[in-house]
Amino acid sequence: MERGIIAIAAALAVWVGFGTTFAEGSVARQAVESIGKNPEASDKIRSMAIVGAAISETVAIYGTLIAILLILVF
Amino acid sequence: MVVKVQAHVFSILLITVVLAVFLVIINRALKKFDPFDEPKGLVLLALMAVETVDKTVRTDVNDEIFENLGPYIGSLWGYIFLSSISGLFGIQAVPTSNYSVTLTLAIITVILVEYNSARYNGIKNYVHGLFEPVFLFLPMNLISKISPVISLSLRLFANILSGGIIMSLLYTAMSFFSSYIPLIGTFNIFGVVVAPILHMYFDLISGLLQTFIFTSLTIIFIGKELPQE
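**Quick word on the overall build of chain A**
Point 1. Looking only at helices and strands, chain A features three helices and zero strands.
Point 2. When the helices and strands of chain A are placed in sequence order, the string is α-α-α.
Point 3. For 74 residues, the compact-globule estimate of 2.2 N^0.38 gives 11 Å, and the C-alpha radius of gyration of chain A, at 17 Å, exceeds that figure by more than 25%.
Point 4. Overall, the C-alpha framework of chain A stretches about 60 × 15 × 10 Å when taken along its three principal axes.
Point 5. Expressed as a percentage of the 74 residues in chain A, the buried residues total 27%.
Point 6. At a minimum sequence separation of 6, the contacts of chain A that also span at least 24 residues come to 79%.
Point 7. Per element, the accessible surface of chain A, about 5100 Å² overall, is 74% carbon and sulfur.

Right, dumping it as structure tokens:
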């Protein structure tokens with residue numbers, strides 16, 4: 001019983017990825033748009049896009065961390 | 001007393017030995033190589049790899065760091081990529097799906113970032129930056145120095161681990177389905193059909209992508225802390 005509730009809690013923790021998906025998609029869309037507008041700045045845009053995607057991904061990673069902690073610690 | 005050793009230890013040692021042997025072979029080939037000849041084979045491969053790494057590193061950092069950072073980024077590429085695709089060669093315990101490995105790599109990166117920041121901004125400015133904008137923000141600034149360790153290491157770890165888990169789930173499910181086929185039920189026929197494409201994504205593409213992201217983030221984090229000229 002208790003294990004089952006912990007498993008449900010871990011699955012709920014991973015749901016933060018739902019918003020992150022949209023955020024990373026919009027980062028990629030904007031990067032593609034701006035490379036289309038001025039291709040000569042593609043190196044700078046690429047590094048900014050990677051940083052943006054990485055920072056918005058942090059939330060999903062914390063969700064994963066909480067899920068792992070829930071399963072392994074309790 | 002029985003000492004338990006994780007299966008990952010052996011695969012980590014194996015990857016290290018393979019990488020070392022490969023680099024020694026390349027070193028032999030490069031020493032024999034005459035600079036006025038046309039490069040081909042192994043020498044051409046090594047030159048192309050070094051050129052690509054140099055081009056990506058040079059965009060974000062200054063020349064002095066570039067000299068030292070290039071080899072580190074190159075070895076990161078070799079190690080993480082080889083580890084991530086080692087699942088294709090039948091290794092069950094992929095090194096990068098062990099949290100110790102990714103945590104070590106992330107700690108090295110963050111120490112490099114802080115060291116270079118302190119060195120090029122000056123110790124005084126570095127310490128002053130901890131208290132910005134006011135004195136009370138010290139704990140938050142310290143947390144923001146630590147958080148890249150967690151995010152960098154968990155990103156690599158979770159991606160590679162989840163790929164491995166999904167593949168093993170897939171093999172189990174497919175062997176369950178194929179057990180309903182008469183005569184050849186013990187042979188996992190659906191797994192043979194479905195697995196190659198998913199292996200292509202979860203091992204090859206995902207490994208390459210995560211390697212690229214880890215190395216790019218290392219370069220960008222170091223370049224971001226440097227003073228702007």
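**Comments concerning the interface of chain B and chain A**
Point 1. Contact with chain B, which involves 13 residues of that partner, is made by 13 residues of chain A.
Point 2. Between chain B and chain A, roughly 1100 Å² of surface is buried when both sides are summed, and carbon and sulfur atoms account for 80% of that area.
Point 3. Taken as a group, Leu-154, Arg-155 and Ile-220 of chain B account for 39% of the area that chain B buries against chain A, more than any other trio of residues on that side.
Point 4. Run the count over chain B and chain A and you get one salt bridge.
Point 5. At the level of secondary structure, the elements contributing two or more residues to the side of chain B that touches chain A comprise α6 (138-178) and α7 (189-225) of chain B.
Point 6. For the side of chain B that touches chain A, the element with the highest residue contribution is α6 of chain B, accounting for seven residues.
Point 7. Of the residues assigned to the side of chain B that touches chain A, the class counts are seven nonpolar, four polar and two charged.

**Regarding the packing of aromatic side chains**
Point 1. In total, this model carries seven aromatic pairs over all chains according to the counting rule given.
Point 2. With a centroid separation of 5.6 Å and 85 degrees between ring planes, the pair formed by Phe-176 of chain B and Tyr-180 of chain B is classed as edge-to-face.
Point 3. Note on Phe-176 of chain B: relative accessible area 48%, which makes it partly exposed.
Point 4. Note on Tyr-180 of chain B: relative accessible area 61%, which makes it exposed.
Point 5. Among the aromatic residues, ring-to-ring pairing joins Trp-15, Phe-18 and Phe-22 of chain A into one connected group.
Point 6. For the cation-ring pair, Arg-58 of chain B lies above Phe-66 of chain B, with the distance from its terminal atom to the ring centre recorded as 4.1 Å.

**Details of a nonpolar patch on the surface**
Point 1. Together, Ile-123, Val-127, Phe-131, Val-134, Phe-135, Leu-136, Phe-137 and Met-140 of chain B make up a nonpolar patch on the protein surface, roughly 820 Å² of accessible area in all.
Point 2. The topology assignment puts Met-140 of chain B in helix α6.

**Remarks on the pattern of salt bridges**
All names here are of chain B.
Point 1. The full count for this structure, using the stated rule, is three salt bridges over all chains.
Point 2. Here Glu-114 makes a salt bridge to Lys-145, at a shortest N to O gap of 3.6 Å. With Glu-114 in helix α4 (residues 99-121) and Lys-145 in helix α6, the pair connects residues that are 31 residues apart, well separated along the chain.

**Remarks on the confidence of the model for chain B**
Detailed conclusions should not be drawn from predicted coordinates in areas where pLDDT is low.
Residue and element names in this part refer to chain B.
Point 1. Residues with a pLDDT of 70 or more make up 99% of chain B, whose mean pLDDT is 86.
Point 2. Across chain B, element-level confidence peaks in α4 with a mean pLDDT of 91 and bottoms out in helix α5 (residues 123-130) with 86.
Point 3. Both confidence scores are given for the complex: pTM 0.84, ipTM 0.74.

**Remarks on the environment of Pro-148 of chain B**
Residues and elements named next belong to chain B.
Point 1. By secondary structure assignment, the location of Pro-148 is in helix α6.
Point 2. We classify Pro-148 as buried; its relative accessible area is 17%.
Point 3. Residues Pro-148 and Gln-6 lie 142 residues apart in sequence; the distance between their C-alpha atoms is 27 Å.

**Looking at the environment of Leu-103 of chain B**
Residue and element names in this part refer to chain B.
Point 1. For Leu-103, the position within the fold is in helix α4.
Point 2. Judged by its relative accessible area of 28%, Leu-103 is partly exposed.
Point 3. The spatial distance from the C-alpha of Leu-103 to the C-alpha of Lys-55 is 27 Å, given a sequence separation of 48 residues.
Point 4. Each residue touching Leu-103, except ones within four places of it in the same chain, is listed here: Val-149 and Ser-153.

**Description of helix α3 (residues 42-73) of chain A**
Point 1. For α3 of chain A, which comprises 32 residues, the first-to-last C-alpha distance of 45 Å matches the rise-based estimate of 46 Å (1.5 Å per residue) to within 8%.
Point 2. Most pronounced at Thr-58 of chain A, the bend in α3 of chain A amounts to some 35 degrees.

**Let's talk about the packing of helix α3 (residues 63-84) of chain B against α7 of chain B**
All names here are of chain B.
Point 1. Where α3 meets α7, the axes come as close as 9 Å, and the angle between the chain directions of the two elements is 160 degrees. By the angle between their axes, α3 is roughly antiparallel relative to α7. Seen along the crossing, α3 lies across α7 with a hand that is right-handed. Facing Ile-65, Leu-69, Tyr-72, Ile-73, Leu-76, Trp-77, Ile-80, Phe-81 and Ser-84 of α3, the residues of α7 in contact are Asp-203, Leu-204, Gly-207, Leu-208, Thr-211, Phe-212, Phe-214, Thr-215, Thr-218, Ile-219 and Ile-222.
Point 2. Class assignment of the residues belonging to the contact of α3 with α7 gives a composition of 14 nonpolar, five polar and one charged.

Cut-offs applied
Residues numbered from 1 in each chain as written. Chains lettered and ligands numbered in written order. Predicted model: local features only at pLDDT ≥ 70, side-chain atom pairs only at ≥ 80, totals over all residues. Heavy atoms only, no water. Helix = DSSP H or I, 4+ residues; strand = E, 2+ residues; numbered from the N terminus. Rg over C-alpha atoms; globule rule 2.2 N^0.38 Å. Buried < 20%, exposed > 50% of the residue type's maximum accessible area, 1.4 Å probe, protein only. Contact = heavy atoms within 4.5 Å. Areas by Shrake-Rupley, 256 points an atom, 1.4 Å probe, with all protein chains shown as cover. Buried area = accessible area lost by both parts, 1.4 Å probe. Salt bridge = Lys/Arg side-chain N within 4 Å of Asp/Glu carboxyl O. Nonpolar A, V, L, I, M, F, W, Y, C, P; charged D, E, K, R; others polar. Phe/Tyr/Trp six-rings, centres within 6.5 Å; stacked < 30°, edge-to-face > 60°. Lys NZ or Arg CZ within 6 Å of the ring centre and 35° of its normal. Patch = residues over 30% accessible without salt bridge, like charges linked within 9 Å, V, L, I, M, F, W, Y side chains within 5 Å. pLDDT = per-residue confidence, 0-100. Expected span 1.5 Å × (residues − 1). Bend = angle between axes of the 7 residues up to and from the residue. Axes fitted to C-alpha atoms, helices over the stretch in contact; angles between N-to-C directions. Parallel < 35°, antiparallel > 145°, perpendicular 65-115°, else oblique. Left-handed = near helix turned anticlockwise from the far one by under 90°.

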